[in-house]
Structure formats: structure tokens, C-alpha cells
Amino acid sequence: MTLDWKLGGVLLGLVFFAAVLLVKPIGVSTQFVILNGIVADVANPEFITQTEEGYTSTNAYMAKSNGKYAKNASNPLNYSFVFVVAMAIGAALSALSRGGIDAEERRLPQIWEDNFGETPMARYAVAFLGGFIVLYGARLAGGCTSGHMMSGMMQTAVSGYIFAAGAFAAAIPTAMLMYRKG
């Protein structure tokens, strides 16, 4: 069973609207920084320290914004981190509720096979590299597609529209180069 893309788009819009209305705009990429801080603090208990003024870190990035990232890494049971963990759990529950992922769904998309052959490991490598580049760019830009484009555009922020235009200006030629056949 698949969800119609139009209904899915409306539902996604309602979730974003409810999140902004009830809590705050949705953003995800910062939580990778928080996860890194959690791991670093486990490996080195002096990585994050609490002072009378608040939280700080031996890492300048974690200490910026008056220790906001250090505080979130030290206390990860906050809205944003729980939201990201819940996304992964929700995806797993969705797959399980549909009976898991069968062999047909794991099959490579035809457009991939037409362009690159039956190479699932190559597809995983390309997906990982693409994800790494997007996440790296998101951190350079100070936010990701969910924060800049989706939440930003919903709040009519000019930066959200500029980010969306840039994302599509990069994605369309990249897809055209990668998938020449099909």
C-alpha cells in the first residue's frame, strides 16, 4: 500500500504547520551535531562542562551560541533531538505495519539499473556520498532543507525561497548528468 503523493504532501504540510504553531519550526541537521557531541562527551567526559553561566565545551562549535549545542548534547531529551529519533522510529514502524520491506521493494529502481547496472553497493556508496555532501552543506549554511526550505518557506522567509531555488538549481542538473538514460 502506498500513500498518494498529493495526500502525503497535504499531511506533511499539516505536520509542519502544527509543529510551527505548537512548538517551533522543524530542523534536523543540527541534531547530527548534537549526536556527535553526545558521543564525544561519552568518549571524553571533559568535552562538555556545566558552569555557573551555563554549558560550554572544549569544542568551539559546541560552545557557540552561549553553549546552546553543548547544553542540548548534555541533555538530549529535548524536543528537537527526540523529534529526529522519532522520525527514524516512525519510519521503521511504518515499514513494519506494511509487513516489512519485501524483495520487490528492495529492488534497484529501473532508472538506476539503466544508468549504472545492477550494483546495489554502488548505489549505497553514492547515496552515502550524496547524504554526506548535503549534510556538510547544510551545516555550512546553518540549516538543512527542512529548516531553510520547508519551515522557512512556510514562514514566508525570503531566505527559504532563495535556498529552495538554489537547491533545485543544483539538483536538476545533477540528476540530468547522473541519469542520462531512462
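Caption draft 1: Expanded view of the pairing of strand β1 (residues 48-51). Examined bridge by bridge, β1 and strand β2 (residues 54-57) share 4 bridges and lie antiparallel to one another. Considered in β2, the bridge of Thr49 is made with Thr56. Joining the antiparallel neighbours β1 and β2 is a turn of 2 residues.

Caption draft 2: Representation of the packing of helix α1 (residues 5-22) against helix α8 (residues 145-154). Running from N to C, α1 and α8 point in directions that differ by 85°, and their axes come no closer than 10 Å. Between α1 and α8, the angle falls in the class roughly perpendicular. Contacts between α1 and α8 involve Leu12, Phe16, Phe17 and Val20 from the first element and Ser146, Met150, Ser151 and Met154 from the second. Looking at side-chain class alone, the contact of α1 with α8 contains 6 nonpolar, 2 polar and no charged residues.

Caption draft 3: Inspection of the side chain of Asn115 at higher detail. By secondary structure assignment, the location of Asn115 is in helix α6 (residues 110-116). Residue classification places Asn115 among the buried positions, given a relative accessible area of 18%. Here Ile111 takes part through its backbone oxygen, which lies 2.8 Å from a polar atom of the side chain of Asn115. Here the side chain of Asn115 touches Arg180 through a polar contact of 3.1 Å, landing on its backbone nitrogen. Apart from residues no more than four positions distant in its own chain, Asn115 is found in contact with Met178, Tyr179, Arg180 and Lys181.

About the thresholds
- Residues numbered from 1 in each chain as written.
- Predicted model: local features only at pLDDT ≥ 70, side-chain atom pairs only at ≥ 80, totals over all residues.
- Heavy atoms only, no water.
- Pairing = 2+ DSSP bridges.
- Helix = DSSP H or I, 4+ residues; strand = E, 2+ residues; numbered from the N terminus.
- Axes fitted to C-alpha atoms, helices over the stretch in contact; angles between N-to-C directions.
- Parallel < 35°, antiparallel > 145°, perpendicular 65-115°, else oblique.
- Contact = heavy atoms within 4.5 Å.
- Nonpolar A, V, L, I, M, F, W, Y, C, P; charged D, E, K, R; others polar.
- Buried < 20%, exposed > 50% of the residue type's maximum accessible area, 1.4 Å probe, protein only.
- Polar contact = N/O pair within 3.5 Å; in protein donor to acceptor, adjacent residues only side chain to side chain.

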